[in-house]
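Letter by letter, the chains look like this.
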Amino acid sequence: MVAAVSYYADASDTDALLDYLGVGTEAHLRRWFSYVSGPEGILDRETASALDPVAIISPSLGGPVLIRNRSDPALVPRTRAGLFNMMNFARRTDPSIGLIDSNVSPVLYWKPAKAVGNDLFPGEIGSQADAMSVVSPEFERWVNRVMAWVRRRGTRVWGLEEEALRPDLRIINPNVSSVYALPGALSLLEDGYIGR
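Residue positions are given per chain, counting from 1 as you read along its sequence in written order. Per-residue local features are limited, in this predicted model, to residues with pLDDT of at least 70; the limit for side-chain atom pairs, both in listing and counting, is 80 or more; totals at the level of whole chains, interfaces and linings are taken over all residues. With hydrogens and water set aside, each side-chain value is computed from the structure's full complement of heavy atoms.

Undergrad: In this structure, what is going on with the overall build of the protein chain? I would like to understand it.
TA: Assigned secondary structure in the protein chain consists of 6 helices and 13 strands. The globule rule used here is 2.2 Å times the number of residues to the 0.38 power, and the radius of gyration it is set against is calculated over C-alpha atoms. In terms of overall size, the protein chain behaves like a compact globule, its C-alpha atoms giving a radius of gyration of 17 Å where 196 residues would be expected to give roughly 16 Å. Considered along the principal axes of its C-alpha atoms, the protein chain spans approximately 55 × 35 × 30 Å. When the 196 residues of the protein chain are sorted by exposure, 49% land in the buried category. By the convention used here, residues are in contact when the closest approach between their heavy atoms is within 4.5 Å. Long-range contacts, defined here as pairs at least 24 residues apart, represent 67% of the contacts in the protein chain between residues at least 6 apart. The Shrake-Rupley method, run with a 1.4 Å probe sphere, supplies the accessible areas, and residue values consider only the shown protein chains as cover. On the protein chain, roughly 9,600 Å² of surface is accessible, and the fraction owed to carbon and sulfur atoms is 52%. Each charge class in the protein chain was averaged separately, 20 positive and 23 negative side chains, and the resulting centres sit 5 Å apart. In this text, helices come from DSSP runs of H or I with a minimum length of four residues, and strands from runs of E with a minimum of two, each type numbered from the N-terminal end. For every residue, the accessible area obtained with a 1.4 Å probe (protein chains only) is divided by the maximum for its type, and the residue is called buried under 20%, exposed over 50%, and partly exposed between those limits. Working convention for charge: Lys and Arg count positive, Asp and Glu count negative, and His plus the chain ends are omitted. A charged residue contributes its charge at one atom only: NZ of Lys, CZ of Arg, CG of Asp or CD of Glu.

If you want it as structure tokens, here you go:
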């Protein structure tokens, strides 16, 4: 992911994030790797929260541009995006379904946070575009607003400082990137859940 914020969330945090994004009114959720056009491709919150990854689309910014065949210039492996597009194109479950071209599509990439047993697994939200401003200045502002919302609402619980950041929490994370805990997830971590 080129620009993203990582975070822990419980179900109430996820609902608050999706409410902030206007999912159901101003935005909708769709599969990232098996994008289906039309109303039948729209996912409900529960279904989307169980998937990885999900596209969040705000029609006011425009819809996604889809890659539909191997000759598409977006699949040229000379760029980072081209390489990822090639790998993602190969992962499609149905060859007739298009792949979102993240370099030109005003679409948020969302990997939902998960709670499994007493473990919390971080989610991510952001953009896979090499340059968000090239997609559109409005898209870049939207992505930055969403990431800022997670940082403002959340508490930084992981980063380069590792355990020194929040020694009262049990977090076993192999990454050095900052991770924020949204309020519900922070309560769970403070109650003994393990951040993975």
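Undergrad: Just to check I follow, could you spell out the sheet that holds strand β7 (residues 114–116) for this structure?
TA: The pairing of strands in a sheet comes from backbone hydrogen bonds and takes either a parallel or an antiparallel form. Two strands pair under a simple rule: DSSP has to find at least two bridges between them. Read across the sheet, 4 strands follow the order β7-β8-β13-β11 without closing on themselves; strand pairing throughout is mixed. Both outer strands of the open sheet, β7 and β11 (170–171), are each paired with one neighbouring strand and no more. Relative to strand β13 (residues 194–195), β11 runs parallel, the two sharing 2 bridges. Looking across to β13, one finds that Arg170 is bridged to Ile194. Sheet strands in contact with helix α6 (residues 183–190) are β8 (119–121), β11 and β13, and its direction is about 145° off that of β8. To get an axis, a line is fitted to the C-alpha atoms, and for a helix only the part in contact is used. The angle between two axes follows their N-to-C directions and goes from 0 to 180 degrees.

Undergrad: Please clarify how unusual backbone geometry should be interpreted in this entry.
TA: A negative phi angle characterises most non-glycine residues, just as the trans form characterises most peptide bonds. A cis amide bond, omega -5°, links Asp52 with the succeeding residue Pro53. Here Pro53 lies in the loop between α2 (45–49) and β3 (54–57).

Undergrad: What is the right way to read the nonpolar core from this model?
TA: Soluble globular proteins: nonpolar side chains tend toward being buried together. Counting residues in hydrophobic clusters, the biggest one holds 32 residues, and the most contacted among them are Tyr7, Leu21, Ile56, Trp110 and Ile125. Those elements giving two or more residues to this core turn out to be β1 (3–8), α1 (11–21), β3, β6 (107–111), α4 (132–135) and α5 (137–153). Ranked by the residues each element gives to this core, the list is headed by α5, at 7 residues. To qualify as a nonpolar core, a set must consist of buried Ala, Val, Leu, Ile, Met, Phe, Trp, Tyr and Cys residues joined through side-chain atoms within 4.5 Å.

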